[in-house]
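Residues per chain, in single letters:
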Amino acid sequence: MTSELTSLTAPQRHQVTVTVNGLPRSAEVAPRRLLSDFLRHDLRLTGTHVGCEHGVCGACTILLDGKPIRSCLTFAVAVDGRDITTVEGLAAEDGTLHPVQQAFQDHHGLQCGFCTPGFVMSACGYLAEHPDAQDDDEIREEMAGNLCRCTGYAGILGAVKQAAEVLRETGADPRDRHRPGGATLG
Amino acid sequence: MKPSPFAYHAPEDVDAALALLAELGDDGKVLAGGQSLVPMMNMRLAAPPALVDITRLTDLDHVTVDDDQVTVGATVTHERLRTHPDASRACPLLRQALDWVAHPVIRNRGTSVGSIVHADPAAELPAVLALLDGSVELRSTQGTRTVAGGDFVVGPLESDVQPGELATSVSFPALTASTGTAFHELARRHGDYALAGVGVRVDLDDDRRVAAVRAAFIGVADRPLVVELTDALSGQAHDALDTGDAVGHARDQLDPNGDIHASGSYRRHLAGILLDRAVCDAVAATTSTQEAA
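Residues numbered from 1 in each chain as written. Chains lettered and ligands numbered in written order. Predicted model: local features only at pLDDT ≥ 70, side-chain atom pairs only at ≥ 80, totals over all residues.

1. Brief notes about the overall build of chain B
A count of helices and strands for chain B gives 13 helices and 14 strands. Relative to its length of 293 residues, chain B is compact, with a C-alpha radius of gyration of 19 Å against a globular reference of 19 Å. Along the longest, intermediate and shortest principal axes, the C-alpha atoms of chain B span 60 × 45 × 30 Å. (Helix = DSSP H or I, 4+ residues; strand = E, 2+ residues; numbered from the N terminus. Rg over C-alpha atoms; globule rule 2.2 N^0.38 Å.)

2. Brief notes about the interface of chain B and chain A
Listed per partner, the contact involves 30 residues of chain B and 29 residues of chain A. Broken down by secondary-structure element, the contributors of at least two residues to the side of chain B that touches chain A are β1 (7-9), α1 (14-24), α2 (37-42), β3 (50-53) and α6 (104-107) of chain B. Looking at the side of chain B that touches chain A, its residues break down into 15 nonpolar, nine polar and six charged. (Contact = placed C-beta atoms within 7 Å. Nonpolar A, V, L, I, M, F, W, Y, C, P; charged D, E, K, R; others polar.)

3. Quick look at the domain arrangement of chain B
Under the domain assignment used here, chain B contains domain 1 (7-53), domain 2 (58-173) and domain 3 (180-288). Look at where the C-alpha atoms of domain 1 of chain B and domain 3 of chain B centre, and you get two points 36 Å apart. (Domains from an automatic or database assignment.)

4. Quick look at the domain arrangement of chain A
By convention, interface size is frequently given as the accessible area that disappears when the constituent parts associate. All names here are of chain A. Each assigned domain of chain A is listed with its residue range as follows: domain 1 (2-89) and domain 2 (99-170). Inter-centroid distance (C-alpha atoms) of domain 1 to domain 2 is 24 Å. Contacts between the two partners involve 14 residues from domain 1 and, on the opposite side, 13 residues from domain 2. Secondary-structure elements contributing two or more residues to the side of domain 1 that touches domain 2 are β3 (61-64) and β4 (67-70). Among the elements that take part in the side of domain 1 that touches domain 2, β3 stands out by supplying three residues, more than any other. Looking at the side of domain 1 that touches domain 2 residue by residue, the class counts come to seven nonpolar, six polar and one charged.

5. As for the sheet that holds β1 of chain B
Residue and element names in this part refer to chain B. Strand order in the open sheet made by the three strands is β1-β3-β2, with parallel pairing throughout. Looking along the sheet, the strands with just one partner apiece sit at the ends: β1 and β2 (28-31). The sheet shows a mean angle of 25° between the axes of neighbouring strands, taken without regard to direction. As paired elements, β1 and β3 share three bridges and run parallel to each other. Bridge pairing in β3 links alanine 7 to alanine 50. Contacts from α1 reach β1, β2 and β3 within the one sheet, and its direction differs from that of β3 by about 165°. (Pairing = 2+ DSSP bridges. Axes fitted to C-alpha atoms, helices over the stretch in contact; angles between N-to-C directions.)

6. Notes on the environment of glutamate 129 of chain A
Its location among the elements puts glutamate 129 of chain A in helix α4 (residues 116-129). Along the primary structure glutamate 129 of chain A and aspartate 173 of chain A are separated by 44 residues, whereas in three dimensions their C-alpha atoms are 9.6 Å apart.

Below you can see the structure in the form of structure tokens.
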């Protein structure tokens, strides 16, 4: 009995394979590895930022199977086999910014930039499910899960509204990697 | 911060999960969405030796609605339940409360059953369960038992789930047209834990007068606090409500603690204001009143 319990409580390492920004990625990790640290340390994708590590600041927001989640409140082992999009998966291959990223630049929706990847990923998830977004109060509420200590949020609000308009014009899914010119969408 | 080391198990079916939980006993902790447990582990407030991840148990991924009740499986996320049209129709308080639960990004992963089992005194869903007299189904290798909603939360962050048990589903009664509900709360930032909040259930009689009223307060006690308000409101016409006695009676029952966010007296005052709004909204939400309007 004792030996069985020991084997059940021994923190074995696990092989975790996920699709990140369209590519299969794999690493062996301890169960306690947070998805945020898995992305940053094991996969060297440091675009996803780590702020509070208890779900308040939103800097670590990524898309899991197309929906925004907190990567700091998720264990890497728990998402084996799933599909992940990080901020690195948005700009076009030639470096052209994604409409949401471009809107943040146009509206000065960032200053230090620490919170920006989280805001951008939250916005992408939100706009995918609410392509008609234009109401200030609704956008504020939807983005309220992310904290910015620099901008005062006005620029961020303007950026999300601009991105919504641009995406409506092109019909692009904000969760997909940007394709300049908008060709072959969907 | 980072969690302390633990063993991870991801069983593929409920029986395997129950066998693991039975063997692990006190060492085992169920992981569903993790939106309450993982922050506690990150802050080392919790350090379970082993986690049993139930998110691969597809048998628990269900919302079933019939004439009597809405039953929610253990892996259903807040957002899925919040946007479930049949569940919202049968038991509108679910949608009314879930609109206040956390931020959208948290709702995408957190589970409704998990929130109830976590039993945070400021969480909305444990109050909904207590207010509506729902029930929780608990399974273990020893069998299945059902706990009444009013008995499920036994203290702050403490529910009636015993070592080896898994909360497989929670049921909420379907409400009739003469019953109205509402949920109000105030937080510094919508989606954060409430300074105070209240869910209200009002039953009207055939003359559209108040027949019964209950309220469940959150954030003002060590668990959801259910207050009977029928004596203070019964007989009042739906279009001529005076909530003064009810607010006074409720405030007499509340003695909340203060903290960095709000003093105890402010929370008590706020709870009364929210109760007034929720009672009026609940009466207005009864279908019989809407049809009469």
